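# Commentary on secondary and tertiary structure
Take a look at the letters that make up each chain.
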Amino acid sequence: MSDSGVIPESYGSRFKKLQVLNLFANAITGVIPAFLGNLTELVEFNLAYNAFDVGKLPSEIGRLSKLENIWLPFSNLVGEIPEAIGNLAKLTNLDLSDNELTGTIPESIGRLKSIKQIELYRNNLSGSLPMNLGNLSSLLRFDVFENALSGRMLTDP
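The rules behind the values
- Residues numbered from 1 in each chain as written.
- Predicted model: local features only at pLDDT ≥ 70, side-chain atom pairs only at ≥ 80, totals over all residues.
- Heavy atoms only, no water.
- Helix = DSSP H or I, 4+ residues; strand = E, 2+ residues; numbered from the N terminus.
- Rg over C-alpha atoms; globule rule 2.2 N^0.38 Å.
- Buried < 20%, exposed > 50% of the residue type's maximum accessible area, 1.4 Å probe, protein only.
- Areas by Shrake-Rupley, 256 points an atom, 1.4 Å probe, with all protein chains shown as cover.
- Lys, Arg positive; Asp, Glu negative; His and termini not counted.
- Charge placed at Lys NZ, Arg CZ, Asp CG, Glu CD.
- Patch = residues over 30% accessible without salt bridge, like charges linked within 9 Å, V, L, I, M, F, W, Y side chains within 5 Å.
- Salt bridge = Lys/Arg side-chain N within 4 Å of Asp/Glu carboxyl O.
- Phe/Tyr/Trp six-rings, centres within 6.5 Å; stacked < 30°, edge-to-face > 60°.
- Pairing = 2+ DSSP bridges.
- Axes fitted to C-alpha atoms, helices over the stretch in contact; angles between N-to-C directions.
- UniProt positions renumbered as here; feature names shortened; annotations may be inferred.

## Things to note about the overall build of the protein
Across its full length, the protein carries 1 helix and 10 strands. Start at the N end of the protein and walk to the C end: the helices and strands fall as α-β-β-β-β-β-β-β-β-β-β. On C-alpha atoms alone, the protein measures out to a radius of gyration of 16 Å, which is about the 15 Å that the 2.2 N^0.38 rule sets for 157 residues. Projecting the C-alpha coordinates of the protein onto the three principal axes gives extents of approximately 55 × 25 × 20 Å. The buried share among the 157 residues of the protein stands at 46%. For the protein, the exposed area adds up to about 8,100 Å²; of that, 50% sits on carbon and sulfur atoms. A distance of 8 Å separates the average location of the 13 positive side-chain charges in the protein from that of its 17 negative side-chain charges.

Here you go:
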């Protein structure tokens, strides 16, 4: 890391074989960089509890096809959850809790067939739950409390 506490851009080209990136609870600043989408061997991605500047979750995260775990609570994330999140077929844990995410939960989340845990609580998400959430047969935990979600609970016909 440089003295400024940001993730150096060179990490995107130097660590092509990196499988685990765990920078949990440090003093990292800046925003979550899009070049992390070049780390295509990543299986675990944990940048939670840092001092990030306000920023969006880069859509480039959708290129990380081997990713199984994303932990980004308290990461100063704003904006919408990118549709590209649905490209992460091996994802088992998604934690974007305690941020300022807005918009709806993307329909693409219903393509995460391996997902076991989705934590989106304490954001500003709105709208209805995606209809295809019922297709997530591996899902064990779904936490979305303290958002602005609305609509009806779906029942089997």
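Read on, since the account is not over.
## Thoughts on a nonpolar patch on the surface
Side chains of Phe-24, Tyr-49 and Phe-74 sit close together on the surface and give an oily, nonpolar patch of about 300 Å² of accessible area. Structurally, Phe-24 can be placed in the loop between strand 1 (20-22) and strand 2 (44-46).

## Some words on the packing of aromatic side chains
Counting across every chain of the model gives 4 aromatic pairs. Look at Tyr-121 and Phe-145: their rings are 4.6 Å apart centre to centre, the planes differ by 5°, and that puts the pair in the stacked class. Placement of Tyr-121 in the loop between strand 7 (117-119) and strand 8 (124-127) and of Phe-145 in the loop between strand 9 (141-143) and strand 10 (148-149) is noted, with a sequence separation of 24 residues between them. We classify Phe-145 as partly exposed; its relative accessible area is 38%.

## Some remarks on the sheet that holds strand 1
Strand order across the open sheet formed by 6 strands is 1-2-3-5-7-9, with parallel pairing between neighbours. Across the chains shown, the open sheet's two edge strands, defined by having one partner strand only, are strand 1 and strand 9. Between one strand axis and the next, the sheet turns by 10° as a mean value, whatever way the strands run. Note that strand 1 and strand 2 share 3 bridges and pair parallel. Within the sheet, the bridge partner assigned to Asn-22 lies in strand 2 and is Asn-46.

## Topic: the UniProt feature "domain: Disease resistance R13L4/SHOC-2-like LRR" (unreviewed entry) in the protein
Taken from the UniProt record, the annotation "domain: Disease resistance R13L4/SHOC-2-like LRR" (unreviewed entry) applies to residues 13-143. Structurally, residues 13-143 comprises 2% helix and 21% strand, and the distance from its first C-alpha atom to its last is 35 Å.

## Description of the pattern of salt bridges
If you walk through the whole model with that rule in mind, you get 5 salt bridges. Linking Lys-66 and Glu-41 is a salt bridge whose minimum nitrogen-to-oxygen distance equals 2.7 Å. Linking Lys-66 in the loop between strand 2 and strand 3 (69-71) with Glu-41 in the loop between strand 1 and strand 2, this pair joins segments that are 25 residues apart in sequence. What makes Lys-66 partly exposed here is its relative accessible area of 32%. Accessibility expressed as a relative area gives 25% for Glu-41, which makes it partly exposed.

## Notes on the sheet that holds strand 10
In space, the 4 strands of this open sheet follow the order 4-6-8-10, with parallel pairing throughout. The sheet terminates laterally at strand 4 (78-79) and strand 10, the two strands that pair on one side only. Where strand 4 meets strand 6 (residues 100-103), 2 bridges bridge the pair, whose relative direction is parallel. Looking across to strand 6, one finds that Val-78 is bridged to Glu-100.

## Describing unusual backbone geometry
For Tyr-49, which is not glycine, the phi dihedral falls at a positive 55°. Along the chain, Tyr-49 falls in the loop between strand 2 and strand 3. In this structure Tyr-49 comes out as partly exposed when scored by relative accessible area, which is 39%.

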